[in-house]
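Coordinate analysis (summary)
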Number of protein chains: 2
Amino acid sequence: MVSKSQIKLITGLAQKKNRTKYGLFIVEGIKGISEFLNSHLELDTLFTTQQIFRAPSAKTQEITEAELKKLSALTTPQTALAIFKILGPTAPSFSGLTLALDGIRDPGNLGTIIRLCDWFGIEDLVCSPDTVDCYNPKVVQASMGSITRVNISYMPLHTLISSVGGVPVLGTFLEGENVYTTKIPSNGIMIMGNEANGISEDVEKMLTRKINIPQFGNSSKTESLNVATATAVLLSEFRRQENY
Amino acid sequence: MVSKSQIKLITGLAQKKNRTKYGLFIVEGIKGISEFLNSHLELDTLFTTQQIFRAPSAKTQEITEAELKKLSALTTPQTALAIFKILGPTAPSFSGLTLALDGIRDPGNLGTIIRLCDWFGIEDLVCSPDTVDCYNPKVVQASMGSITRVNISYMPLHTLISSVGGVPVLGTFLEGENVYTTKIPSNGIMIMGNEANGISEDVEKMLTRKINIPQFGNSSKTESLNVATATAVLLSEFRRQENY
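Residues numbered from 1 in each chain as written. Chains lettered and ligands numbered in written order. Predicted model: local features only at pLDDT ≥ 70, side-chain atom pairs only at ≥ 80, totals over all residues. Heavy atoms only, no water.

**Some points on the sheet that holds strand β1 (residues 24-28) of chain A**
Residues and elements named next belong to chain A. With mixed pairing, the 4 strands of this open sheet are ordered in space as β1-β4-β2-β3. Each having just a single partner strand, β1 and β3 (60-62) make up the two edges of the open sheet. When the angles between neighbouring strand axes are averaged without regard to direction, this sheet yields 15°. Where β1 lies against strand β4 (residues 80-85), 5 bridges are found, and the strand directions are antiparallel. (Pairing = 2+ DSSP bridges. Helix = DSSP H or I, 4+ residues; strand = E, 2+ residues; numbered from the N terminus. Axes fitted to C-alpha atoms, helices over the stretch in contact; angles between N-to-C directions.)

In structure tokens, the structure reads:
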């Protein structure tokens, strides 16, 4: 049985202000919930229509499909919905390459980028305050559990850059050096810009190097690469240079 | 003024069977429409609330915002909607690397992959018949006009592979050769598999080589890379090997 106040609390977690207020976020779907249960994140409550999870019974509530539908933001909710506690970020370690995002707005892009960090072993992801919230349900879903394995923090990028100090700061620009023939530094910060406007002016001033992914088509009409695919290319090239 | 039969025809184009029946597809938004008007594709009709396009006046119909709303699939329609004629694909040229998709279902993934082909100069994209239709409005939108510059055809992949004959056929598998240390052939077919199930069994039997994008994280828990980001990594590495 789900109470009215539970429904109100949980549906409210679709909004960032409520996630911040209660320190909680939503995970939907069997696969996602299993990944989070196996992580270091703490379960608040698991609502499920079937007993298929290894979760503490004190924190598990069996519900009906009709009740799940009331809690879920999905049009076809999938068996279960869990509430986890938001963990404050540990301070970035700044060992190796740190990825920084300057105003990424699309939840799918952020989720994909978190997944890429996990795949390519990037430990620290720093987001500007106007980047979409990483506990947004769509980001959580797109990140496929990778969000539990990447240290994500939010801070102004000029604060990040001044606080580290002295390491190379890279950004992608058309006039930049060819990424395939220039060395991406083993220690440094790589900044990816907003979907429509790229890297903001005040951050551009703080860059120490500009790099570019060359275009190979015959036409020069192609739009820029999507920010998530550009991130894939850059992180792949970084690891190739480091290891092979 | 938009007639009832026009509304019926145009909203019907959201479905593949109607696109095939009438040989027409929808493009929405100023940017997308401009790209298509500058391409080799033939305009059928442009519906617009503002005269901002260079389109033949005989094919342009000024409409009100209320009328646009009736035609559009978007919740906030953007100034104009255009109907273009579907062009039959020219036969793949098989010069260079051909990308082939085995059952890609997500329109956003297909749109992103088309954009990547355009960026990395891949001329021919061949899709298995169960791949999402490239004239699906969501694919058209995600491809950002790149769809006008890549030659896309649909055919069973075993037909493709047998008809070319003799060229290397590559697919991505965990046990494959490291893509960073193996040479991707200049001429060949690279196959990307379905989001959930990868490359189908009958296509796997026809592969001549298996390749792999190594994982660098500490954990071995990461899900596979998303198919669009994996395509980005492979096409980038292909061009790097060819050119640098």
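So, next bit.
**Quick look at the relation of the copies chain A and chain B**
Of the transformation superimposing chain A on chain B, the axial component is 0.0 Å and the angular component is 180°, with the fit at an RMSD of 0.0 Å. The superposition operator between the copies reduces to a two-fold rotation axis. Interface overlap between copies: 100% of the residues of chain A at the interface are likewise at the interface in chain B, consistent with a symmetric, same-surface contact. (Least-squares fit on C-alpha atoms with pLDDT ≥ 70 in both. Contact = heavy atoms within 4.5 Å.)

**Digging into the packing of aromatic side chains**
Inspection of the entire model under this criterion finds 14 aromatic pairs over all chains. Geometrically, the ring pair formed by Y244 of chain A and Y180 of chain B is stacked, given 5.6 Å between the ring centres and 25° between the ring planes. Of this pair, Y244 of chain A sits in the segment after α9 (227-243) while Y180 of chain B sits in the loop between β8 (169-178) and β9 (188-193), which puts the two residues in different chains. Residue class for Y244 of chain A comes out partly exposed when judged on its relative accessible area of 41%. An aromatic cluster is present here, built from F25, F36, F84 and Y135 of chain A joined pairwise through their rings. Sitting over the face of the ring of Y154 of chain A, K16 of chain A holds its NZ or CZ atom 5.9 Å from the ring centroid. Its guanidinium or amino end placed over the ring of F173 of chain B, K210 of chain B lies 4.5 Å from that ring's centre, counting from NZ or CZ. (Phe/Tyr/Trp six-rings, centres within 6.5 Å; stacked < 30°, edge-to-face > 60°. Buried < 20%, exposed > 50% of the residue type's maximum accessible area, 1.4 Å probe, protein only. Lys NZ or Arg CZ within 6 Å of the ring centre and 35° of its normal.)

**Regarding the UniProt feature "domain: MRM3-like substrate binding" (unreviewed entry) in chain A**
UniProt's feature table lists "domain: MRM3-like substrate binding" (unreviewed entry) at residues 5-82 of chain A, given in the numbering used throughout. Overall, residues 5-82 of chain A shows 38% helix and 22% strand. The separation of its end C-alpha atoms is 16 Å. (UniProt positions renumbered as here; feature names shortened; annotations may be inferred.)

**Some points on the domain arrangement of chain A**
Residues and elements named next belong to chain A. Considered domain by domain, chain A is made up of domain 1 (4-85) and domain 2 (97-243). One C-alpha centre belongs to domain 1, the other to domain 2; they are set 30 Å apart. On the side of domain 2, 11 residues touch domain 1, which itself brings 12 residues to the contact. When domain 1 packs against domain 2, the two sides together hide about 1,000 Å² of surface, and 61% of this comes from carbon and sulfur. Its largest share of buried area at the contact with domain 2, domain 1 owes to R19, E35 and F36, together 40% of the area lost on that side. At the junction of domain 1 and domain 2, the tally comes to 2 salt bridges. Residues E35 and R149 are paired through a salt bridge, measuring 3.0 Å at the closest nitrogen-oxygen approach. At the junction of domain 1 and domain 2, the tally comes to 4 residue pairs in polar contact (both at pLDDT 80 or more). (Domains from an automatic or database assignment. Buried area = accessible area lost by both parts, 1.4 Å probe. Salt bridge = Lys/Arg side-chain N within 4 Å of Asp/Glu carboxyl O. Polar contact = N/O pair within 3.5 Å; in protein donor to acceptor, adjacent residues only side chain to side chain.)

**Concerning the pairing of β9 of chain B**
Look at any regular strand and the pattern is simple: side chains alternate between the two faces of the sheet. Residue and element names in this part refer to chain B. Of all 6 residues that make up β9, 6 are buried, and the element is covered over most of its length. Judged by which residues are buried, β9 turns out to be covered on both faces: G188, M190 and M192 on one side and I189, I191 and G193 on the other are all buried. With 6 bridges connecting them, strand β5 (residues 97-102) and β9 associate as parallel partners. The partner of L101 across the bridge, within β9, is M192.

**As for the interface of chain A and chain B**
Of the residues lining the interface, 40 residues belong to chain A; the matching set on chain B comes to 40 residues. Between chain A and chain B lies a buried interface of about 3,600 Å² when both sides are counted; carbon and sulfur atoms form 63% of it. Counting the contacts that link chain A with chain B gives 2 salt bridges. For E237 of chain A, the salt bridge goes to R240 of chain B, with nearest N and O atoms at 3.9 Å.

**What about the sheet that holds strand β9 (residues 188-193) of chain A?**
All names here are of chain A. Pairing in this open sheet of 6 strands is parallel, and the strands run β7-β6-β5-β9-β8-β10 from one edge to the other. Each end of this open sheet is capped by a strand with a single partner; those strands are β7 (151-154) and β10 (209-212). Adjacent strand axes in the sheet meet at a mean angle of 35° when their direction is disregarded. Relative to β10, strand β8 (residues 169-178) is paired through 5 bridges, and the arrangement is parallel. Counterpart to E177 in the pairing with β10 is I211. Taken strand by strand, helix α5 (residues 107-119) contacts β5 (97-102), β6 (124-127) and β7, and its axis lies near 155° from that of β6. The strands that helix α7 (residues 157-164) touches are β5, β6, β8 and β9; relative to β9, the one it contacts most, it runs at about 165°.

**Focus: the side chain of T229 of chain B**
By secondary structure assignment, the location of T229 of chain B is in helix α9 (residues 227-243). There is a polar contact of 2.9 Å between the side chain of T229 of chain B and the backbone oxygen of N226 of chain B. In contact with T229 of chain B, other than residues within four places in its own chain, are T112, L116, A228 and A232 of chain A.

**Points about α9 of chain A**
All names here are of chain A. Its 17 residues give α9 an end-to-end C-alpha distance of 24 Å, which sits within 8% of 24 Å, the value for a rise of 1.5 Å per residue. Most of α9 is tucked away, with 15 of its 17 residues classed as buried. For α9, the N-terminal cap is N226; the gap from its side-chain oxygen to the backbone nitrogen of A228 is 2.7 Å. (Expected span 1.5 Å × (residues − 1).)

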